[in-house]
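Take a look at the letters that make up each chain.
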There are 2 protein chains.
Amino acid sequence: MLQKKIKFDTLELQRFYFDTLGLESLSLEKIQEIKNMGIEMHANLDTYYYNNREDTIKDYYARSQKYVTLTQKLGISQNWSHLYHKLINLTDFNLNGSALSLQIAAFNPIINLLGSDEQREYWLPLAHEMKITGAYVQTELGHGSDVKSLETTATYDEKTKEIVFNTPSVSSTKFWPGGLGKSATHMVVFAKLISKGQDHGIQAFILQIRDIKTHKVLPGLEVGDVGPKISQINTDNGYLIFKNFRGSKTSLLSRYVQLNDDGTFQEKIKNSGKLAFGGMLKLRVSLVDNGHRMIGRMATIATRYSFLRRQFESKDGNQAPEAMIMSYQMQQYKIVPAIAAAWSILFAGSTLFGMYDHYQSKLQTKDPKAFEILGDLHALTSGFKGISTWSGEYWGEILKQSCGGHGYLQVSGLTRPHLDFGVGVVTAEGDNTVLMQQTSAYLLKKIQKGKIDPDTYEFTLSSKLSIDQEIVLLYEVRFKNHLKNVALQIAESMSKGKNFNQIWNDEYQADLVIAGKYFISHFAIKNFYDIINGKSLNATQATVTKLSPELQKVMQMLFRVHGVYQLIEEYETFYMNYPSDQFVDYFNSKKIDDLKKQFKEELQILGMTSLDIVDGFDFKDPELLSIIGRKEVKNQEQLYEELLNVVRKNPINSKPVPLGYQEYIRPLLVGKL
Amino acid sequence: MLQKKIKFDTLELQRFYFDTLGLESLSLEKIQEIKNMGIEMHANLDTYYYNNREDTIKDYYARSQKYVTLTQKLGISQNWSHLYHKLINLTDFNLNGSALSLQIAAFNPIINLLGSDEQREYWLPLAHEMKITGAYVQTELGHGSDVKSLETTATYDEKTKEIVFNTPSVSSTKFWPGGLGKSATHMVVFAKLISKGQDHGIQAFILQIRDIKTHKVLPGLEVGDVGPKISQINTDNGYLIFKNFRGSKTSLLSRYVQLNDDGTFQEKIKNSGKLAFGGMLKLRVSLVDNGHRMIGRMATIATRYSFLRRQFESKDGNQAPEAMIMSYQMQQYKIVPAIAAAWSILFAGSTLFGMYDHYQSKLQTKDPKAFEILGDLHALTSGFKGISTWSGEYWGEILKQSCGGHGYLQVSGLTRPHLDFGVGVVTAEGDNTVLMQQTSAYLLKKIQKGKIDPDTYEFTLSSKLSIDQEIVLLYEVRFKNHLKNVALQIAESMSKGKNFNQIWNDEYQADLVIAGKYFISHFAIKNFYDIINGKSLNATQATVTKLSPELQKVMQMLFRVHGVYQLIEEYETFYMNYPSDQFVDYFNSKKIDDLKKQFKEELQILGMTSLDIVDGFDFKDPELLSIIGRKEVKNQEQLYEELLNVVRKNPINSKPVPLGYQEYIRPLLVGKL
Ligand SMILES: Cc1cc2nc3c(=O)[nH]c(=O)nc-3n(C[C@H](O)[C@H](O)[C@H](O)COP(=O)(O)OP(=O)(O)OC[C@H]3O[C@@H](n4cnc5c(N)ncnc54)[C@H](O)[C@@H]3O)c2cc1C
Ligand SMILES: Cc1cc2nc3c(=O)[nH]c(=O)nc-3n(C[C@H](O)[C@H](O)[C@H](O)COP(=O)(O)OP(=O)(O)OC[C@H]3O[C@@H](n4cnc5c(N)ncnc54)[C@H](O)[C@@H]3O)c2cc1C
């Protein structure tokens, strides 16, 4: 008794998807044309998962070259904010962070941000055309989260007008930067500037690492690769030790600071730190947005597989002898909310990009509101980076499980996005637990200053509330009530004369992190709600309300599945935050049961429709690098045939007797140890 | 204001740990002696994570040889149930399932179970001394969960008295068996036996795969390795295609079935399937138990690291300038409940082993109760395999995050256990979602037959309940009330004439899976409660109540942290199952808040004590294969020194210019594409 699927026009959904991404000015044809160019750069599924680390890096270099050629062909090699780049990113060229992707995402922007005009003019063209390649070198063995305590020293030598870099202790060894290990010719490195015996705090410097001709590491440096990680096999994360390494005085990036010949030092403008930070925020917004693409990618594979794979005799007259696994409620429960989460994160990313543009325009007109927006944006992106990557990790594992044994094979195409993105980036670019506390600190201040009213909600309880509004209300109440309670408890502890930091770290840290999570969840749900109710997206005029009724319905159902999924998985957190008996009465268990019932029905409809819904993300087979999630595969037999053919090419199959077998196992077999 | 740690005698805890494992007859000295022998077989940390797949397999072969020598030295090579094997397992030789570990865990036992006396006599000595090596070959490309639908055929040829094996379709290609890909000389394979045109269902056969001398695959077979997986790099999971491959008639394992020369076929005894299954149950019990060791291993690493690692200025007068990360509440929240979960799973495993022995003794006396116990044991182990591996996956990810960036490095020692065990075995040995439904089916039957009384609990609400009893009660109520509701809803749907299977698959599958989970959680909590209240463990006389008061306290706190952690993380599920207003009144939010408060305090005490608590698992540094979780490391500087030294040995560091760099990146740098 399977529910009917909803029929809609895939092209309409794709158009909406690309509009949401900010590609409204490109026709679908143009988009496909560029995507096809991107596909040419893609790895070959026959070898991709079988290459060893060395060959993988080589392969990546080869594709980097194609990438640069492509940007030149499109005439965008100098213009990195160009929308074509969004599109190229969409080809998932950057899948698996790598030497070059960090150059584009971190090295180039930081020069642009912190470099003086001359430095920009000199370095940026080189960097954009990849005449140099660069790493972003911040973390040390001993300090990652606590950037202020970095120990690397950059001591100004007045005599030679040079800066002398040193690694004063093992713990100050630079450790982790992507591209540093084997590839980068240059780096932006963070170190403590000392001149005239004075410590001027952590500053950024641009330095050369390797000889351009020989690629040899320059004298005075020890550099190497940190070795195998959980994943991110493409990337050569590195370590670096300075031994009296000398750089010119101009290596100090000097947009906002100035080091004079005599060793005196000054800041050029106030608030330069904040401004610089604001510039880097765009990176974090992209990081939030990346989550939707990774989850969408994995959900696409799992969905396509679940329409092909059949398991157990079907007890449903309408089906073939064996049941398609997507027909199981549990399978829908694993996959459909993942698709909904991808859309939710995408919409949030779109809104955050909009906020970022707004911040930039306020900054240009020197509107003092700019800093306020910056504060909001900072709190939202710090927290959302956490939610986006945690979601990537969470859904990655569930979606992998949804593909049974075959999901555990790398050729499934699920492993890399899951372990590179979710599992990797929950820590990389800032540990989520640490980042979330920045959101919490912001919230605590806001509520203390009365800027969050914990007792007023956008919707008030009444019989006129729609289900969608009820869902939003639940999230708002949960967030505000929890925050209010934590704030009260902290105030009480403080009134007893306890130290604020101790209260934070020892007593309420877990609650504070949760406050951040609830805030972000509410933001995401509210944003999704607004969007299905006509809020336009990003810079575009796209709105859900302009979609066909069928697609509107799909989006509404995705909204509800997204909202109710969390309700089901963590209902306590809602219930515990009912602020009054009125709420207990209103959201009684009958109400919640009804919500769940509708959830199950819509889950099934969306499950049956999911094969078309994931087409909205428009993943082409070569982009997915997956053997089990191919759109072009028409039935199980073909699926297994292709899987088997790829597996046969695994190079270990070319040797009949494995290394070591004769030496160690033969003697056992013949009883001659 | 850090809470004081609890002081106790580590040796006492270790003794208790080993007793729980069933090693009560060995002195601690003897245990250490054997552990030291095991350590000699261990991989070398300097190369372990840097070997490619081929070298890894070679290294594994070398260690397998040592393993066989060791068992011979101990005089236990023929006696696989011997307690020394428990101890050898404890050396984690089997870390990363591999060719040989599957031989021991699956191939040998299945011969023992299904082989006739002659077959046992012939094959077992060969297998035990590793004169043959074997794989367990069941899953096919098209069918894993649904074993009944396997398609491989074994057709009896009356003329030659041979059995002809075939792979009639791509989907019937054998796929996944560990050790099959490159190593095994033999296999037990499952196929559909056909004789005289009749299908006798899935039977087990023992067949040779490779020539013992040349190691070449025999004619009539195509065999290969399935290629890189998420992890389990040691294991050569394989695929196999039969092309009119002929085996002798005696290849059919014939303890319970008989194939006569003329092709007639009969079962020798009734219920043979159940008996065989009961014999394999011990494997599943071990699988449950493995969870404790994997989580304990990862928690040991994270704990030791968290006592070394410092991050951010300490705001606590008592601490060094920088705060030890274990002092953060969030860090305690990540690690302490993992330690508690390891103990909970260990205790459950011990109880299940006891049940298994009980079943065996009933079987021996032909007590009809045997089958009843078998039913209970089956439901418990199916579900607990799910909980144990899901916990491994869950805690693996959290513990990895707790080690920041360094947790993402393979040399952290966290990657392999996490991805091999949790992430791998949630699917291997039976998909958790599918297995959990066996538990649910058992529960549904029990409640329908009135054998579970949903309205009576072990403890009744009263002011005399201890906190510990309240916790157990909450779990019991949640399980029973949820089960009761699902059962009622299913009965209602059925009374409307709906098909039972459709109700199950389309409407209540998610709720049924949850019922299984709640049942297992309650079993684990109740078991833990009983054990801290004097129930003796396994075959041993060990009880918590005989421990020193300090250790009793530690165990009680671990119990509460374990119980309340889930309450916090999924309180809804408790609240939603309050059966009456009386419960709502009793477990009001004040009560829950008090529980949480005590939880936080005990979390902190245990956090401060955790360095000693993890010593209970007695992981030696060489066993952990971790550079960040070494017990012998005394301070941060030494930690970073050692980490850096290992990382330097990563072979990719021996080549200054990486493969492909000159070819692809140089032309970019010099502007000559
Ligand atoms: C794949 C990858 C790529 C990377 N790429 C780069 C790069 O290109 N350039 C670069 O410079 N760096 C890079 N890094 C480093 C990365 O930025 C750091 O690892 C990250 O910021 C986390 O810091 P940490 O490792 O010091 O973790 P820690 O801070 O040591 O975290 C360890 C544990 O302590 C906890 N903890 C720490 N402080 C607190 C607190 N105040 N309250 C509660 N808990 C706390 C954390 O939550 C965590 O559980 C990369 C890392 C990875 C894994
Ligand atoms: C690392 C590893 C090692 C292995 N080693 C061996 C070995 O040594 N020998 C061997 O023979 N095999 C081995 N296997 C195979 C393993 O036993 C199967 O992969 C496992 O039983 C799962 O079956 P499947 O792959 O068919 O999953 P599927 O059943 O295809 O599962 C796919 C999805 O469908 C869902 N699904 C299926 N049926 C239902 C249902 N009735 N209701 C709801 N959802 C359903 C599942 O929950 C899952 O989400 C191994 C597998 C792995 C990953």
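Calculation notes
Residues numbered from 1 in each chain as written. Chains lettered and ligands numbered in written order. Predicted model: local features only at pLDDT ≥ 70, side-chain atom pairs only at ≥ 80, totals over all residues. Heavy atoms only, no water. Least-squares fit on C-alpha atoms with pLDDT ≥ 70 in both. Contact = heavy atoms within 4.5 Å. Helix = DSSP H or I, 4+ residues; strand = E, 2+ residues; numbered from the N terminus. Expected span 1.5 Å × (residues − 1). Bend = angle between axes of the 7 residues up to and from the residue. Buried < 20%, exposed > 50% of the residue type's maximum accessible area, 1.4 Å probe, protein only. Polar contact = N/O pair within 3.5 Å; in protein donor to acceptor, adjacent residues only side chain to side chain. Near = heavy atom within 4 Å. Areas by Shrake-Rupley, 256 points an atom, 1.4 Å probe, with all protein chains shown as cover. Patch = residues over 30% accessible without salt bridge, like charges linked within 9 Å, V, L, I, M, F, W, Y side chains within 5 Å. Salt bridge = Lys/Arg side-chain N within 4 Å of Asp/Glu carboxyl O. Lys, Arg positive; Asp, Glu negative; His and termini not counted. Charge placed at Lys NZ, Arg CZ, Asp CG, Glu CD. Nonpolar A, V, L, I, M, F, W, Y, C, P; charged D, E, K, R; others polar. Pairing = 2+ DSSP bridges. Domains from an automatic or database assignment. Buried area = accessible area lost by both parts, 1.4 Å probe. Axes fitted to C-alpha atoms, helices over the stretch in contact; angles between N-to-C directions. Core = buried A, V, L, I, M, F, W, Y, C linked by side-chain atoms within 4.5 Å. Phe/Tyr/Trp six-rings, centres within 6.5 Å; stacked < 30°, edge-to-face > 60°. Lys NZ or Arg CZ within 6 Å of the ring centre and 35° of its normal.

J.: Lay out the relation of the copies chain B and chain A with the relevant residues and their values.
T.: Expressed as a screw operation, the relation of chain B to chain A combines 0.0 Å of axial shift with a rotation of 180 degrees, fitting to an RMSD of 0.0 Å. In the structure described here, the two chain copies are related by an operation that fits a two-fold rotation axis. When you check the interface residues of chain B against chain A, 100% turn up at the interface there too, and the contact is symmetric in its surfaces.

J.: So what's going on with helix H8 (residues 272-308) of chain A? Which residues, and what values?
T.: Residue and element names in this part refer to chain A. Relative to the 54 Å expected for 37 residues at 1.5 Å per residue, H8 spans 56 Å between its end C-alpha atoms, a close match to the ideal helical length. Bending of H8 peaks at approximately 30 degrees at the position of glycine 279. Among the 37 residues that make up H8, 29 are buried, leaving the element largely enclosed by the rest of the structure.

J.: Describe in detail the side chain of glutamine 119 of chain B, supporting the description with residues and values.
T.: All names here are of chain B. If you trace the backbone, glutamine 119 turns up in helix H7 (residues 117-128). On the accessibility criterion, glutamine 119 (8% relative accessible area) is buried. Polar side-chain contacts of glutamine 119 include one of 2.8 Å to the backbone oxygen of threonine 250. Setting aside residues up to four positions removed in sequence, glutamine 119 forms contacts with Leu114, Leu124, Thr250, Ser251, Leu252, Leu253 and Ser254.

J.: Summarise the site of ligand 2; cite the residues concerned and give the values.
T.: Neighbouring ligand 2 are 33 residues; Arg309 of chain A together with Thr139, Ser145, Asp431 and Gln509 of chain B lie closest to it. Per-site note: the chains with residues close to ligand 2 are chains A and B. One of the side-chain N or O atoms of glutamine 437 of chain B is found 3.3 Å from a nitrogen atom in ligand 2. Relative to its unbound accessible surface of 970 Å², ligand 2 loses 94% to contact with the protein. Listed by contribution, the elements that provide at least two residues to the shell around ligand 2 are strand E12 (310-313), helix H9 (329-364) and helix H10 (369-402) of chain A together with strand E1 (134-137) and helix H12 (432-448) of chain B. If one sorts the elements of the shell around ligand 2 by residue count, H12 of chain B sits on top with 3 residues.

J.: Tell me what's going on with a positive patch on the surface, and back it up with residues and numbers.
T.: Together, Lys274, Lys445, Lys449 and Lys451 of chain A make up a positively charged patch on the protein surface. Looking at the element boundaries, lysine 274 of chain A is found in helix H8.

J.: An account of the site of ligand 1 is needed here, citing residue identities and associated values.
T.: With respect to spatial proximity, 33 residues lie near ligand 1, and among them Thr139, Ser145 and Asp431 of chain A together with Arg309 and Gln331 of chain B are the closest. The residues that come close to ligand 1 belong to more than one chain, namely chains A and B. Here an oxygen atom of ligand 1 and a backbone polar atom of glutamine 401 of chain B are 3.4 Å apart. Relative to its free-state accessible area of 970 Å², ligand 1 is covered by the protein chains to the extent of 94%. Mapped by element, the contributors of at least two residues to the shell around ligand 1 are strand E1 (134-137) and helix H12 (432-448) of chain A together with strand E12 (310-313), helix H9 (329-364) and helix H10 (369-402) of chain B. Counting residues per element, the shell around ligand 1 draws most heavily on H12 of chain A, which supplies 3 residues. The residue inventory of the shell around ligand 1, partitioned by class, reads 11 nonpolar, 18 polar and 4 charged.

J.: Pulling in residues and values, what's your account of the sheet that holds strand E8 (residues 238-242) of chain B?
T.: All names here are of chain B. Pairing is antiparallel across the open sheet formed by 3 strands, whose spatial order is E4-E8-E7. Two strands close off the open sheet at either side, each with one partner strand: strand E4 (174-175) and strand E7 (221-225). As paired elements, E7 and E8 share 5 bridges and run antiparallel to each other. Paired with leucine 221 across the bridge in E8 is phenylalanine 242.

J.: Lay out the domain arrangement of chain A with the relevant residues and their values.
T.: How big an interface is tends to be reported as the loss of accessible area on association of its parts. Residue and element names in this part refer to chain A. As assigned here, chain A comprises domain 1 (10-16 + 276-621), domain 2 (20-119 + 122-127) and domain 3 (134-268). Summed over the three residues of domain 2 that lose the most area to domain 3, namely Arg53, Phe107 and Leu114, the buried surface amounts to 28% of that side. Viewed at the interface, domain 3 and domain 2 are joined by 2 salt bridges. Here arginine 255 ties to aspartate 117 by a salt bridge, and the two come within 3.1 Å at their closest N and O atoms. Applying the counting rule to domain 2 against domain 3 returns 12 residue pairs in polar contact (both at pLDDT 80 or more). Only helix H4 (53-73), helix H6 (99-114) and helix H7 (117-128) provide two or more residues apiece to the side of domain 2 that touches domain 3. Residue contributions to the side of domain 2 that touches domain 3 peak at 9 residues, all from H6. Each residue belonging to the side of domain 2 that touches domain 3 can be placed in one class, and the counts come to 13 nonpolar, 8 polar and 3 charged.

J.: Please set out the pairing of strand E5 (residues 186-195) of chain A residue by residue, giving values where relevant.
T.: All names here are of chain A. E5 sits mainly inside the fold: 8 of its 10 residues count as buried. Here strand E2 (residues 153-157) pairs with E5 via 3 bridges, running parallel. Looking across to E5, one finds that alanine 154 is bridged to leucine 193. Judged from the 9 bridges that link them, E5 and strand E6 (residues 198-208) form a sheet pairing that is antiparallel. Each residue of the ladder has a partner; that of valine 189, found in E6, is phenylalanine 205. The antiparallel hairpin formed by E5 and E6 contains 2 residues in its connecting segment, where lysine 196 sits at a positive phi of about 50 degrees.

J.: With reference to specific residues and values, describe the interface of chain B and chain A.
T.: Contacts between the two partners involve 139 residues from chain B, matched on the other side by 139 residues from chain A. Together, the buried faces of chain B and chain A total about 12,200 Å²; carbon and sulfur atoms form 60% of this surface. For the interface between chain B and chain A, the tally reads 6 salt bridges. With its nearest N and O atoms 2.5 Å apart, the salt bridge here joins aspartate 511 of chain B to lysine 600 of chain A. Applying the counting rule to chain B against chain A returns 68 residue pairs in polar contact (both at pLDDT 80 or more). Among the elements that take part in the side of chain B that touches chain A, helix H4 (residues 53-73) of chain B stands out by supplying 12 residues, more than any other. Of the residues assigned to the side of chain B that touches chain A, the class counts are 54 nonpolar, 46 polar and 39 charged.

J.: Residue-level account of H9 of chain A, with values.
T.: Look at H9 of chain A: 52 Å from first C-alpha to last across 36 residues, which is about the 52 Å you get at 1.5 Å a residue. Of all 36 residues making up H9 of chain A, 28 are buried, and the element is well covered by its neighbours.

J.: How would you summarise the sheet that holds strand E4 (residues 174-175) of chain A if you had to cite specific residues and measurements?
T.: Taken together, the 3 strands give an open sheet; going across it, the order is E4-E8-E7 (chain A), and neighbouring strands pair in antiparallel fashion. Each having just a single partner strand, E4 and strand E7 (221-225) of chain A make up the two edges of the open sheet. The strands that helix H21 (residues 636-648) of chain B touches are E4, E7 and strand E8 (238-242) of chain A; relative to E8 of chain A, the one it contacts most, it runs at about 115 degrees.

J.: Got a sec to walk through the nonpolar core? Specific residues and values, please.
T.: Formed by 362 residues in total, the largest nonpolar core has its most connected members in Trp343 of chain A together with Trp343 of chain B. If one sorts the elements of this core by residue count, H9 of chain A sits on top with 19 residues. Setting aside its immediate chain neighbours within four residues, tryptophan 343 of chain B contacts Leu13, Phe16, Tyr17, Phe528, Met555, Leu558 and Phe617 of chain B. Formed by 25 residues, the second largest nonpolar core is a distinct cluster that contains Ala184, Leu207, Ile209 and Phe265 of chain A.

J.: I'd like to hear about the packing of aromatic side chains, residue by residue, with values.
T.: Applying the stated rule across the entire model yields 62 aromatic pairs over all chains. Judged by centre distance (5.2 Å) and plane angle (45 degrees), the rings of tyrosine 333 of chain A and tyrosine 565 of chain A are tilted. Here tyrosine 565 of chain A lies in helix H15 (residues 549-569) and tyrosine 333 of chain A lies in helix H9, a separation of 232 residues in the sequence. You'll find tyrosine 333 of chain A and tyrosine 565 of chain A in the same group, each marked buried. Plain terms: the ring middles of tyrosine 17 of chain B and phenylalanine 18 of chain B are 5.5 Å apart, the flat faces sit at 65 degrees to each other, and that makes the pair edge-to-face. Note on accessibility: tyrosine 17 of chain B and phenylalanine 18 of chain B belong to one class, buried. Over the ring of tyrosine 48 of chain A we find arginine 416 of chain A, and its NZ or CZ is 4.9 Å from the ring centre.

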